[in-house]
Amino acid sequence: MQRFVPSEFGTDPARMEEAMEPGRITFDDKMVVRRAIEEAGIPFTYVAANCFAGYFLGGLCQPGFILPSRERVTLLGDGNQKGIYVDEDDIAAYTLKAIDDPRTLNKTIYVKPPKNVLSQREVVQIWEKYIGKELQKTVLSEQEFLAVMKEQNYAEQVGLTHYYHVCYEGCLASFEVDDDQEATKLYPEVRYTTVEEYLKRYV
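About the thresholds
- Position numbers for residues start from 1 in each chain and track the written sequence from start to end.
- Reporting of local features is limited, given that this is a predicted model, to residues whose pLDDT is at least 70; pairs of side-chain atoms are given and counted only at 80 or more, and all residues count toward the totals for whole chains, interfaces and linings.
- Heavy atoms throughout the structure, all of them, feed into the side-chain values; hydrogens and water do not.
- UniProt positions are given in the numbering used here, feature names are shortened, and annotations may be inferred rather than shown by experiment.
- Every case where a carboxyl oxygen of Asp or Glu lies within 4 Å of a side-chain nitrogen of Lys or Arg is listed as a salt bridge.
- Each helix corresponds to a stretch of at least 4 residues labelled H or I by DSSP, and each strand to a stretch of at least 2 residues labelled E; elements are numbered beginning at the N terminus.
- Categorising residues by exposure relies on relative accessible area from a 1.4 Å probe, with only protein chains included: less than 20% of the type maximum marks a residue as buried, more than 50% marks it as exposed, and the intermediate range marks it as partly exposed.
- The span one expects for a helix is its residue count, reduced by one, times 1.5 Å.
- Throughout, the arc means that of the directions going from the helix axis to the C-beta atoms.
- Any residue with an atom within 4 Å of a point lines the site, the site being either a cavity, points on a 1 Å grid over the protein atoms alone where a 1.4 Å probe fits but cannot get out, or a pocket, an open set with protein on both sides within 12 Å along at least 5 of 7 lines.
- Grid points are joined across faces, edges and corners, and a volume is the space filled by probe spheres set on the points.
- Polar here means any residue outside two lists: the nonpolar Ala, Val, Leu, Ile, Met, Phe, Trp, Tyr, Cys and Pro, and the charged Asp, Glu, Lys and Arg; Gly therefore counts as polar.
- Two residues qualify as a contact provided that any one of their heavy atoms is within 4.5 Å of a heavy atom in the partner residue.

An unreviewed UniProt entry lists the protein chain under the name (+)-lariciresinol reductase, from Linum tenue. UniProt, in the comment section headed Subunit (unreviewed entry), describes the protein chain in these words: "Dimer." The record in UniProt for the protein chain states the following under Sequence similarities (unreviewed entry): "Belongs to the NmrA-type oxidoreductase family. Isoflavone reductase subfamily."

Observations concerning the pattern of salt bridges
Per the counting criterion, the structure on display carries 16 salt bridges. A salt bridge links Arg24 to Asp28; its shortest N-O distance comes to 3.0 Å. Note that Arg24 and Asp28 are positioned in helix α1 (residues 24-39) at a spacing of 4 residues, about one turn of the helix. A salt bridge links Lys185 to Glu182; the nearest nitrogen and oxygen atoms lie 3.9 Å apart. Residue classification places Lys185 among the partly exposed positions, given a relative accessible area of 46%. Accessibility expressed as a relative area gives 3% for Glu182, which makes it buried. Counted as one network, the salt bridges with shared partners bring together Glu8, Asp12, Arg15 and Arg34.

Points about helix α3 (residues 88-99)
In this model α3 runs 17 Å from its N-terminal to its C-terminal C-alpha over 12 residues, within 8% of the 16 Å that 1.5 Å per residue would give. Among all positions in α3, only Asp90, Ile91, Tyr94, Thr95 and Ala98 are buried. Projected down its long axis, α3 carries its buried residues within an arc of 135 degrees, all on one side. For α3, exposure combined with an orientation more than 90 degrees from the buried face picks out Asp89 and Leu96.

Considering unusual backbone geometry
That bond from Glu21 to Pro22 is cis: its omega, 0 degrees, falls within 30 degrees of zero. Mapped onto the secondary structure, Pro22 falls in the segment before α1. In the Ramachandran plot, Phe9 falls in the positive-phi region, its phi being about 55 degrees despite a non-glycine side chain. For Leu60, which is not a glycine, the phi torsion comes out positive at approximately 55 degrees. Looking at the element boundaries, Leu60 is found in the loop between α2 (53-56) and β3 (72-76). We classify Leu60 as buried; its relative accessible area is 0%.

Quick notes on the layout of surface pockets
Once rolled over the atoms, a probe with the size of a water molecule shows which space is left empty. Here the largest pocket defines a volume of roughly 500 Å³. Along the walls of the largest pocket sit 22 residues, with Phe52, Tyr55, Phe56, His162 and Tyr163 positioned nearest its centre. Looking at the lining of the largest pocket, the elements with two or more residues in it are α1, β2 (51-52), α2 and α6 (154-167). Per-element accounting of the lining of the largest pocket gives the leading share, 5 residues, to α6. Of the residues in the lining of the largest pocket, the class split is 12 nonpolar, 8 polar and 2 charged. Counted as a void, the second largest pocket has a volume near 180 Å³. Residue lining of the second largest pocket: Gln62, Pro63, Phe65, Thr74, Leu76, Leu140, Phe145, Val148, Gln152 and Leu160, and that is the complete set. Elements with a minimum of two residues in the lining of the second largest pocket: β3 and α5 (142-150). A breakdown of the residues in the lining of the second largest pocket according to their chemical character gives 7 nonpolar, 3 polar and no charged.

Digging into the environment of Leu172
Within the element layout of this structure, Leu172 appears in the loop between α6 and α7 (183-186). Judged by its relative accessible area of 3%, Leu172 falls in the buried class. On a C-alpha basis, the gap between Leu172 and Glu71 in space is 29 Å, while along the polypeptide they are 101 residues apart. When residues no more than four places from it in sequence are discounted, the contact partners of Leu172 are Thr11, Asn50, Cys51, Ile84 and Val166.

Okay, structure coming up:
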């Protein structure tokens, strides 16, 4: 049986009805596609892949950074909200497994590797362990982040809104996922890349 897997990935849009403007347009548009799929009776699997490691980990969860500093880091809020970070190759592997799996037919699956459910502070601590020193830390409050965001162009505001929900609200780890919808439980044979392994490439 053929199955449609929309190119969504990222955060599950069905859980983002209260998302902030202008970033919520991304989720609203994805829900339009989902409704069309379901109303047409097309078999589907949705993949909620959470945070792409390439976007988040290289910059230690700081927007606009792609390489980890050996000197300083800005913590978003208290830095304790949990995110979920997934290597892009692993997202592809789980998606390929799910495409023709009858257990995932007409369901959303979540890629939530247990060792990769970490706060920004925990990500920074892994990096500090590798480089053998503690980074100088500054804190960007929620109010400061929103003020900076409003000064950016529309496209950047959309992206920063997603950072806000992940890093200030902890939207990805604020709910439980049943084992029959969680990719690492469905496919334990896939050896995923941990955050610790991912960051080692930058040493």
